Structure formats: structure tokens, C-alpha cells
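# A structural walkthrough
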Amino acid sequence: MTTSPTDAVRDRVLSLSSGELPAYVYDMAALREHAAAVRAALPERVELYYAAKANPEPEILAALGPYVDGYEVASGGELAHVAAAVPGRALAFGGPGKTPPEITAALELGVERFHVESEYELHMLAELAREVTPDARVAVLPRFNLPVATGSLAASSLAMGGRPTPFGLDPSQADTVVGLLTDGTYPQLELRGVHAHLASGLRAPEQLAMAGSIVNWAVGLAERHGVRLTEVNVGGGMTVDYAAPEDRFDWVAYGDGLAELLGRYRNLTLRIEPGRALTAYCGWYATEVLDVKHSHGEEFAVVRGGTHHLRTPATKGHDQPCAFLPVEDWPHPWPRPVARRELVTLTGQLCTPKDVLARNVPAPGVRAGDRVVFALAGAYAWNISHHDFLMHPRPGFHFLDPWT
Ligand SMILES: *Cc1c(COP(=O)(O)O)cnc(C)c1O
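Another point: the pairing of strand β18 (residues 371–374). Burial of β18 is two-sided: the residues Arg-371 and Val-373 facing one way and the residues Val-372 and Phe-374 facing the other way are all buried. Note: strand β13 (residues 283–295) against β18, four bridges, orientation antiparallel. By the bridge assignment for β18, Thr-287 is matched with Val-372. Pairing of strand β15 (residues 322–325) with β18, which is carried by four bridges, proceeds in the antiparallel orientation. If you follow Ala-323 over to β18, its bridge partner there is Val-373.

In C-alpha cells, the structure reads:
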């Protein structure tokens, strides 16, 4: 799959010297435009949080600022980092295995929501809240691993719920947990609502079906206990299609569907916390072809860098979409290697057969020295990669911003 970079990205990539490659190039104008469109598609009473783990670069967090209601963090490290990058913004603290020092730090920072992952964590949070913030009431959303229609989960690439996982509370514990939060055991905690992040890689119809079943379950729980739940967080996981980058998540249909769902519940606020679908499109990993070679009937282009910078294709098992930018200049006295076949597999500099960025890409005539720009590298890309393996230099970072 090939896909073209924006003009701004293309111009920057061609202006860099070989020594300045590889480079991550972020089109911040494209990011703003996309985030504004997502925001505009969402109806009232839907709050948009950005899941920082998708890409926590401070520039990205700041650029999203005007379009999001807050940020979802999932570790003490993310908490400190996001609080410093976008000071004063609302933070929700989720994630499994929270430690007492992390919870203490979150209480001290005044995190506005705790997504509680287990009954043990609820007890810990309650005791720490009593010590650290005795005068505050801490808003809690227990996270549940709910059964969802298997059709939608089968379509998803990563399922966190609907099967045995370490995420969230088993639905069988719901009554106990709601009891602890409403019977006076822990007056320092306030049951604000329910959280569920069940799957990733879902299209709008599946996301809507899932949101509907989460809300329905939460309302049933609230009715059973005679309590009011004002908020349901239906998670992130909006799909990014690496095989068809132009085919983006339908935010307009999703927003319309959420408006319809909210029409049935007058006092409810929904919250979503996408990561990937907000930032994937704005990031590009740019490099150059170092060598072109034949091996047992196939052709390989070895690029500068590799999956230690862009681990996404290795992790998800896909071919990272890319585009070639031909460079006519060849400054060396030795002959320039050229591809002779239609299809070329793009690999990196690591000494492992897993260092494959894209297989069998149409690239007739690609030469050493030509540039390659990989798309959809704005989420779960640099920050999930094993940077130090083989000790190659780190890439450069460019935040293309017409505003600055
Ligand atoms: C990772 C994560 C998200 C974001 O998921 P995306 O697939 O990037 O949208 C949201 N909520 C929770 C709890 C997560 O763990």
C-alpha cells in the first residue's frame, strides 16, 4: 500500500540531508484540522479525552488542547509528563497495576477521575484518599470487563474485554463494588459512573453497538442499586485501517449515533478516550534507501533505521503504508543499486528477520538514495519501539507548524 505525504511533510523530507534521516515528521496543521473535525462531529454531552499513551510528545498534547476536554493517563510517568506538558488540564487516571505512590501522586495532582481496575485498587485508593486528600471527594469510575456482542469483538484487532483479561473488574463484582461506593464504607469516594474500554480497531457501527450495550448495562446496574450514574466512559479503540489509510473512522456517523443514544438518557454524559484515531494520521517516519538487493527470487530495499524506530508494523503484523520520493542526485563514485522487480520488501538495519516495515510494495526502479516516507506513524510508533536495540542513532523530530 502506498500513500502520499502532505506537501509540508514532503518538502521537509526532501530538504533533510542523509545524516538527518531517519526522521519523524509531524504535520501539526493536519493534526489540528483532524482534531477539530472529530470535535465538531461529537454532540453535546460527549466529552473527548485523548489517551496519552498513543503519542505523548508534548507538542502533540499541546496541539490537541483546544479540541479535547482532558487527557487519559495510564501510569505515574504519563501522569507527571502530561501534567507538565499541558498544565491545568483535566486528567483521568486509568490502567492496571497502579501502585500506592502513583495513586498518591494522582491524588496530590487533583486528578479528576480515577478509573478503578479492581476491588483491591478500590480499597487502596480509598485509604490513600483519606490520608492525602481528606477534604476532597474523589470521583471514581470502576472499569468493567463486560461481555459484548462477539461479532464486534471478532472484528477488532485488540480485545481488552469480553474474555479473560487483566483489565477492569469482572461484571460479577459489580454489585460488591457499587455497594462499597454507596453504602457509606468509603465516603471519600464518589461513584460517578462506569468505565469500559473493551476493544480496539472498531469501525463506527461496531463502536456504536458497543457503546449502546455498555450504557444499557450501566443503567441497569444503577437501577438495581437505586443510584444515579451521571457518566459512562465507553473508551477508545476507534479504528485506523493500515491497509486502507484513506478509509478513516466515520466520526460523523459515530457522533450522530451517540446523539441518538444520549436522547434516551437525559441526565447522562458520555466520555470517549481515543488515542490512535486522533494522532496516527499526522505522523510520518521518513528515511532513505541504503541498499537494494536480491535474495532467493525476491527483492529487498534496506532503509536507514527500521522497526527499532517504527515498531508498529512488527507489532501489529501489517505492512506500514508508504510513499517513495525519488532523489536524482547520487553523490558516490560506486554504482547505485536499483530494483529490477515490481515488488520490493522494505527492511531496516537490524540483524533480525523481524525488522520488516512493509512487504512486497510496488516500487519498480527504486534506488539507493531514494527517500521513503511511512504513513500512519503518529500513534503507537516511536514511543512503543525498542530504540536501543543495536545502538543505531535516534531519529530527528520535526513538528511542522505554520503557527510557530
Ligand atoms: C489504550 C487505551 C485507550 C486508547 O485506545 P486507542 O485504540 O488508541 O483509541 C483508551 N482507553 C484505555 C483504557 C486504553 O487502555
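Alright, that's what it looks like, and here's the rest.
The subject of this paragraph is the packing of helix α6 (residues 119–132) against helix α8 (residues 174–182). Running from N to C, α6 and α8 cross one another at 10 degrees; their axes reach a closest spacing of 11 Å. Looking at the two axes, α6 sits roughly parallel to α8. Residues Glu-119, Leu-122 and His-123 of α6 form the contact with α8, whose own contacting residues are Thr-176, Val-177, Leu-180 and Leu-181. Across the contact of α6 with α8, the residue classes break down as four nonpolar, two polar and one charged.

Neighbouring residues of the ligand: 14 residues in total, closest Lys-53, Gly-237, Glu-273, Arg-276 and Tyr-380. Between an oxygen atom of the ligand and a main-chain N or O atom of Arg-276, the distance comes to 2.8 Å. Notes on the ligand: free accessible area 390 Å², of which the protein chains cover 91%. For the shell around the ligand, the class distribution of residues is three nonpolar, six polar and five charged.

As a further point, take the sheet that holds strand β12 (residues 269–272). Taken together, the nine strands give an open sheet; going across it, the order is β8-β6-β5-β4-β3-β2-β12-β11-β9, and neighbouring strands pair in parallel fashion. The sheet terminates laterally at β8 (189–191) and β9 (193–195), the two strands that pair on one side only. With strand direction ignored, the average angle separating the axes of adjacent strands in the sheet is 25 degrees. Here three bridges tie strand β3 (residues 70–73) to strand β4 (residues 91–93), and the two strands are oriented parallel to one another. Among the inter-strand pairings, Val-73 is bridged to a residue of β4, identified as Phe-93. Where helix α4 (residues 76–85) meets the sheet, it contacts β3 and β4, and its direction lies at approximately 155 degrees from that of β3.

Interfaces are frequently sized by the accessible area removed from exposure as the parts join. Domain boundaries in the chain define domain 1 (7–25 + 282–400) and domain 2 (90–274). The C-alpha-based centres of domain 1 and domain 2 are spaced at 39 Å. The interface is formed by eight residues belonging to domain 1 together with five residues belonging to domain 2. Both faces combined, the contact of domain 1 with domain 2 buries some 480 Å², and carbon together with sulfur accounts for 71% of it. Counting across the domain 1 and domain 2 interface gives zero residue pairs in polar contact (both at pLDDT 80 or more). Classifying every residue of the side of domain 1 that touches domain 2 gives three nonpolar, three polar and two charged.

What follows is about the packing of aromatic side chains. Remark: the centre distance and the inter-plane angle together describe each pair of aromatic rings, the angle taken between the planes. If you walk through the whole model with that rule in mind, you get 12 aromatic pairs. Note on Trp-251 and Tyr-254: the rings are 5.9 Å apart at their centroids and 80 degrees apart in plane angle, and the pair reads as edge-to-face. On the criterion of helical spacing, the pair formed by Trp-251 and Tyr-254 is a turn pair, its members being three residues apart in helix α10 (residues 251–263). The pair formed by Trp-251 and Tyr-254 is uniform in burial state, with each residue classed as buried. Through pairs of rings, three or more aromatic residues link up here, namely Tyr-24, Tyr-26, Tyr-285, Phe-374, Trp-382, Phe-397 and Phe-399. Above the face of the Phe-93 ring, Lys-98 is positioned so that its terminal group lies 5.5 Å from the ring centre. If you follow Arg-248 out to its NZ or CZ, it ends over the ring of Tyr-281, 3.8 Å from the centre.

About the criteria used
Residues numbered from 1 in each chain as written. Predicted model: local features only at pLDDT ≥ 70, side-chain atom pairs only at ≥ 80, totals over all residues. Heavy atoms only, no water. Buried < 20%, exposed > 50% of the residue type's maximum accessible area, 1.4 Å probe, protein only. Helix = DSSP H or I, 4+ residues; strand = E, 2+ residues; numbered from the N terminus. Pairing = 2+ DSSP bridges. Axes fitted to C-alpha atoms, helices over the stretch in contact; angles between N-to-C directions. Parallel < 35°, antiparallel > 145°, perpendicular 65-115°, else oblique. Contact = heavy atoms within 4.5 Å. Nonpolar A, V, L, I, M, F, W, Y, C, P; charged D, E, K, R; others polar. Near = heavy atom within 4 Å. Polar contact = N/O pair within 3.5 Å; in protein donor to acceptor, adjacent residues only side chain to side chain. Areas by Shrake-Rupley, 256 points an atom, 1.4 Å probe, with all protein chains shown as cover. Domains from an automatic or database assignment. Buried area = accessible area lost by both parts, 1.4 Å probe. Phe/Tyr/Trp six-rings, centres within 6.5 Å; stacked < 30°, edge-to-face > 60°. Lys NZ or Arg CZ within 6 Å of the ring centre and 35° of its normal.

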